[in-house]
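Structural overview
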Amino acid sequence: MLRGAFEYQGQKCSAASRAYIPKSLWKSVQERLGAMLAEVSMGDVCDFRNFVGAVIDSKSFAKQKNAIAAAKASPDAKIVFGGKCDDSVGWFVEPTVIEAKHPGYDTMCTELFGPVLTVHVYADSKLSQALEAAATGSEYALTGAVFCEDRLALTPMIDALRFAAGNFYVNDKPTGAVVGQQPFGGSRLSGTNDKAGSILNLMRWVSPRTIKETFVPPHDWRYGFLGEA
């Protein structure tokens, strides 16, 4: 989650923007994520010790800042980690985790393209509803991931999320596809699922024609089965 959401300040098309976590796991996930974020440094990218740099421009900075301010003011959300913004020198947004009470909360559905991850904690008994929300809650469908240790539980989850993302990961962050090795593309507002770096993409740019050449031509119009039984 940390790498997927905050690498490159979340400014990757495949960056994790939202996460659905069962209530039984949220406490431990929150503790582990908080401990890791406490070690993350932010600053000049020329210093390789900094994992997070500035966002691209003032427009992006304003979008992140406004979303964070809205979460602070909303009864349906709260800031779990981060939330600080500073544009005194550069446009720096602290890696921020928002907990949303409802899967339809604004940042669970829209793209901020910045270092903001929104989490919805669902009741363990409502996995199917969480999968439905994950599959249909956003207009975007580029990448997604499921973390699971139970192979029997994994299969129906993958089926339920079949159309949720063009590139799907199991037990891995939803970023880092190597074009040319892993065909990459998404659907809905993320594109027409053209797969860059593969023949699947090439076929979209050509007009295929098939040619058949026969070296053993027939000598009669009749088929063999047309004879008398």
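By secondary structure assignment, the location of Ser 17 is in the loop between α1 (2–6) and β1 (18–22). For Ser 17, a relative accessible area of 13% corresponds to the buried category. Sequence separation between Ser 17 and Ala 5 is 12 residues; the distance between their C-alpha atoms is 6.3 Å. Apart from the residues within four sequence positions on either side, Ser 17 is in contact with Thr 107, Glu 111, Val 116, Leu 117 and Thr 118.

This next bit is on the state of the cysteines. Summed over all chains, the structure comprises 0 disulfides. Distance from the sulfur of Cys 109, which forms no disulfide, to the nearest cysteine sulfur (Cys 13) is 20 Å.

If you walk through the whole model with that rule in mind, you get 1 aromatic pair. Ring centres of Tyr 223 and Phe 225 lie 5.6 Å apart, and the angle between their planes is 10°; on these two criteria the pair is classed as stacked. Like Tyr 223, the residue Phe 225 is exposed in the burial classification.

Before going further, it helps to spend a moment on the side chain of Thr 175. As for its position among the elements, Thr 175 is in the loop between β9 (167–170) and β10 (187–188). Given a relative accessible area of 5%, Thr 175 falls into the buried group. Among the polar contacts listed, one links the side chain of Thr 175 to the side chain of Lys 173, at a separation of 3.0 Å. In contact with Thr 175, not counting residues within four places along its chain, are Gly 4, Glu 7, Lys 12, Ser 14, Ala 15 and Tyr 169.

Counting 15 residues, the largest nonpolar core has Phe 6, Leu 37, Val 97, Leu 117 and Val 119 as its most contacted members. At the level of elements, α1, β1, α2 (23–37), β2 (77–81) and β6 (116–122) are the ones that each hand at least two residues to this core. The next biggest cluster of nonpolar side chains, apart from the first, holds 13 residues, and it includes Ala 67, Ala 71, Tyr 105 and Val 116.

Here the focus is the sheet that holds β1. The strands making up a sheet associate through backbone hydrogen bonding, with each pair oriented either parallel or antiparallel. Ordered by their spatial adjacency, 4 strands build an open sheet running β1-β6-β5-β2, and the pairing between neighbours is mixed. Two strands lie at the open edges of the sheet, namely β1 and β2, each paired on one side alone. Put simply, the sheet's adjacent strands are angled 30° from each other on average, direction ignored. Bridge count between β1 and β6: 5 bridges; the pairing is parallel. Counterpart to Ala 19 in the pairing with β6 is Val 119. Each of β2, β5 (96–100) and β6 touches helix α3 (residues 58–73); the most contacted strand, β2, lies at about 115° to it.

Glancing now at a nonpolar patch on the surface. Together, Ile 199, Leu 200, Leu 202, Met 203, Trp 205 and Val 206 make up a nonpolar patch on the protein surface, roughly 680 Å² of accessible area in all. With respect to the helices and strands, the residue Val 206 is situated in the segment after α7 (199–202).

By the element assignment, Ser 14 lies in the loop between α1 and β1. Excluding residues within four positions of it along the chain, Ser 14 makes contact with Leu 142, Thr 143, Pro 174, Thr 175, Gly 176 and Phe 184.

Attention now moves to the pattern of salt bridges. When the charged atoms of two side chains lie near each other, side chains of opposite charge can form a pair. Going through the model one piece at a time under the given rule, you end up with 6 salt bridges. The residue Arg 18 makes a salt bridge to Glu 111 at a minimum N-O spacing of 3.1 Å. Placement of the pair is Arg 18 in strand β1 and Glu 111 in the loop between α4 (106–109) and β6, with a sequence separation of 93 residues. Judged by its relative accessible area of 25%, Glu 111 falls in the partly exposed class. Residues Arg 49 and Asp 47 are paired through a salt bridge, measuring 2.9 Å at the closest nitrogen-oxygen approach. For Asp 47, a relative accessible area of 25% puts it in the partly exposed group.

Rules used throughout
Residues numbered from 1 in each chain as written. Predicted model: local features only at pLDDT ≥ 70, side-chain atom pairs only at ≥ 80, totals over all residues. Heavy atoms only, no water. Helix = DSSP H or I, 4+ residues; strand = E, 2+ residues; numbered from the N terminus. Buried < 20%, exposed > 50% of the residue type's maximum accessible area, 1.4 Å probe, protein only. Contact = heavy atoms within 4.5 Å. Disulfide = S-S within 2.5 Å. Phe/Tyr/Trp six-rings, centres within 6.5 Å; stacked < 30°, edge-to-face > 60°. Polar contact = N/O pair within 3.5 Å; in protein donor to acceptor, adjacent residues only side chain to side chain. Core = buried A, V, L, I, M, F, W, Y, C linked by side-chain atoms within 4.5 Å. Pairing = 2+ DSSP bridges. Axes fitted to C-alpha atoms, helices over the stretch in contact; angles between N-to-C directions. Patch = residues over 30% accessible without salt bridge, like charges linked within 9 Å, V, L, I, M, F, W, Y side chains within 5 Å. Areas by Shrake-Rupley, 256 points an atom, 1.4 Å probe, with all protein chains shown as cover. Salt bridge = Lys/Arg side-chain N within 4 Å of Asp/Glu carboxyl O.

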